[in-house]
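A closer look at the structure
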Amino acid sequence: MAKLMSKSELIQKIVAQHSDKMARKDVKAVIESLAAIGYKELSKSGAFVVPGFAKFVVIKKPATKERSGINPFTKEPMIFKAKPARKVVRARPVKAVKAAVM
């Protein structure tokens, strides 16, 4: 798997594209404020959209009870632990991102 881009690498690439208009500290401030606004919107409304990129949605997963099953590797019966109710964030890419990957 390829190495993931770090935050500083992302900032550096944006600065390189817009070197005549934006300074590094300006780009960093924009990225940090975008993240802060996203966190607030997700906790308040449960959804946050980055136009042209993705829609982030909070999904509430219900609690599950303890259940018995079979281990697929050893074929022995086993007990699967119960899980508490939880909230999960899902990112749903927009059509343009899907087209760029294909």
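Look up a bit, the structure's there.
Being a predicted model, the structure only gives us computed values, none of them experimental.

1. Concerning the pattern of salt bridges
Applying the stated criterion across every chain yields a total of three salt bridges. One salt bridge connects Lys7 with Glu32, and the closest N-O pair in it is separated by 3.2 Å. Taken together, the positions of Lys7 in helix H1 (residues 7–17) and Glu32 in helix H2 (residues 24–44) put the pair 25 residues apart, joining distant regions of the chain. The class for Glu32 is partly exposed, based on a relative accessible area of 38%. The salt bridge partner of Glu41 is Lys44, with a shortest N-O separation of 3.5 Å. Residue Glu41 and its partner Lys44 are located together in helix H2, separated by three residues, close to a single helical turn. Here Glu41 falls in the partly exposed class, since its relative accessible area comes to 26%. Classification of Lys44 by relative accessible area gives exposed; the value is 66%.

2. Points about unusual backbone geometry
The backbone of Lys75 sits at a positive phi, close to 65°, despite the residue not being glycine. Here Lys75 is to be found in the loop between strand S3 (67–70) and strand S4 (77–80). A relative accessible area of 60% means that Lys75 is categorised as exposed.

3. Observations regarding the pairing of strand S2 (residues 54–61)
By the bridge criterion, four bridges tie strand S1 (residues 47–50) to S2 in an arrangement that is antiparallel. Across the sheet, Ala47 pairs through a bridge with Val57, a residue of S2. Taking the residues between adjacent antiparallel strands as the criterion, S1 and S2 are bridged by three residues, where Gly52 takes a positive phi near 80°. Two strands pair when backbone bridges link them, and S2 and strand S5 (residues 86–93) are joined in this way by eight bridges, in the antiparallel orientation. Bridge pairing in S5 links Lys60 to Lys87.

4. Observations concerning H2
Given 3.6 residues per helical turn, the α-helix brings residues three or four places apart onto the same face. For H2, built from 21 residues, the straight-helix expectation of 30 Å at 1.5 Å per residue is met to within 8% by its first-to-last C-alpha distance of 30 Å. Within H2, burial applies to Val27, Gly38 and Leu42. Looking straight down H2, one finds its buried side chains confined to an arc of 40°; they lie on one side. Opposite the buried face of H2, at more than 90 degrees from it, the exposed residues are Lys25, Tyr39, Lys40, Ser43 and Lys44. Along its buried surface, H2 packs onto H1, S1, S2 and S5. Gly46 lies just past H2 and shows a positive phi near 90°.

5. Digging into the packing of aromatic side chains
As enumerated under the stated definition, the model contains zero aromatic pairs in all. Lying across the ring of Phe80, Arg67 places its NZ or CZ 4.5 Å from the centre.

The rules behind these values
Residues numbered from 1 in each chain as written. Predicted model: local features only at pLDDT ≥ 70, side-chain atom pairs only at ≥ 80, totals over all residues. Heavy atoms only, no water. Salt bridge = Lys/Arg side-chain N within 4 Å of Asp/Glu carboxyl O. Helix = DSSP H or I, 4+ residues; strand = E, 2+ residues; numbered from the N terminus. Buried < 20%, exposed > 50% of the residue type's maximum accessible area, 1.4 Å probe, protein only. Pairing = 2+ DSSP bridges. Expected span 1.5 Å × (residues − 1). Arc of directions from axis to C-beta. Contact = heavy atoms within 4.5 Å. Phe/Tyr/Trp six-rings, centres within 6.5 Å; stacked < 30°, edge-to-face > 60°. Lys NZ or Arg CZ within 6 Å of the ring centre and 35° of its normal.

Without other data, these values stay purely geometric and don't point to any function.
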